[in-house]
Amino acid sequence: GTEVPARFLRAAVELLRPGGVAVVMALDVQCVDGRRPLRELCAGIDAAGHVTARIPTRLNALLPDLEASMCERQPNLRAAVHVAVVITPDDDSKFRARFASVTRRLAQRWNTDVNPR
């Protein structure tokens, strides 16, 4: 389900101080009715003055049957991707640019380097 990661993300919003960063691992699912609960939650968090990024993790490459298995076990799912949700307060534009750069580099590394170290 998406309830537990949603609780952690909501708690992060309450606990983060300026300059702080929280990372929550979760499944970014798409339901057969088109809903995307994690993306909807992140959009609400962004609208409330934080910045979020969803970064696909190496788990997707390490367990290539993960999505098919999840969709088979949960018939209401159309898609499921394991992600790290990174969240931080939106302090200023300079910080936003640095945050975007770091998350892009992390996403690139996780998606190209699938060998655990």
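It should be noted that the structure appears before, not after, this text.
Residues numbered from 1 in each chain as written. Predicted model: local features only at pLDDT ≥ 70, side-chain atom pairs only at ≥ 80, totals over all residues. Heavy atoms only, no water.

To continue, consider helix H4 (residues 66–73). Residues of H4 that are buried: Leu66, Met70 and Cys71. Along the long axis of H4, the arc covered by the buried residues comes to 125°, so they all point the same way. In H4, those exposed residues whose orientation departs by more than 90 degrees from the buried face are Ala68 and Glu72. Elements in contact with the buried residues of H4: strand S1 (22–31), helix H3 (59–62) and strand S3 (77–89). (Buried < 20%, exposed > 50% of the residue type's maximum accessible area, 1.4 Å probe, protein only. Helix = DSSP H or I, 4+ residues; strand = E, 2+ residues; numbered from the N terminus. Arc of directions from axis to C-beta. Contact = heavy atoms within 4.5 Å.)

Let us now look at the state of the cysteines. Following the criterion strictly, the structure yields 0 disulfides and no others. Considering cysteine sulfurs only, Cys71 is the nearest to Cys31, which forms no disulfide, with 10.0 Å between them. The exposure class of Cys31 is buried, given its relative accessible area of 6%. (Disulfide = S-S within 2.5 Å.)

Here the focus is the pattern of salt bridges. The tally for this structure, following the rule as stated, stands at 4 salt bridges. Across the pair Asp28 and Arg39 runs a salt bridge, and its minimum N-O distance is 2.9 Å. Linking Asp28 in strand S1 with Arg39 in helix H2 (residues 37–47), this pair joins segments that are 11 residues apart in sequence. Linking Arg35 and Asp33 is a salt bridge whose minimum nitrogen-to-oxygen distance equals 3.0 Å. With relative accessibility at 53%, the residue Asp33 sits in the exposed group. (Salt bridge = Lys/Arg side-chain N within 4 Å of Asp/Glu carboxyl O.)

Turning our attention to the packing of helix H1 (residues 3–15) against H2. With their axes 11 Å apart at the nearest point, H1 and H2 run at an angle of 10° to one another. Judged by the inter-axis angle, H1 sits roughly parallel to H2. Of the residues in H2, those in contact with Ala6, Leu9, Arg10 and Val13 of H1 are Leu38, Leu41 and Ile45. Across the contact of H1 with H2, the residue classes break down as 6 nonpolar, no polar and 1 charged. (Axes fitted to C-alpha atoms, helices over the stretch in contact; angles between N-to-C directions. Parallel < 35°, antiparallel > 145°, perpendicular 65-115°, else oblique. Nonpolar A, V, L, I, M, F, W, Y, C, P; charged D, E, K, R; others polar.)

Here His82 is to be found in strand S3. Look at His82 and you get buried, because its relative accessible area is 15%. There is a polar contact of 2.6 Å between the side chain of His82 and the side chain of Thr57. (Polar contact = N/O pair within 3.5 Å; in protein donor to acceptor, adjacent residues only side chain to side chain.)

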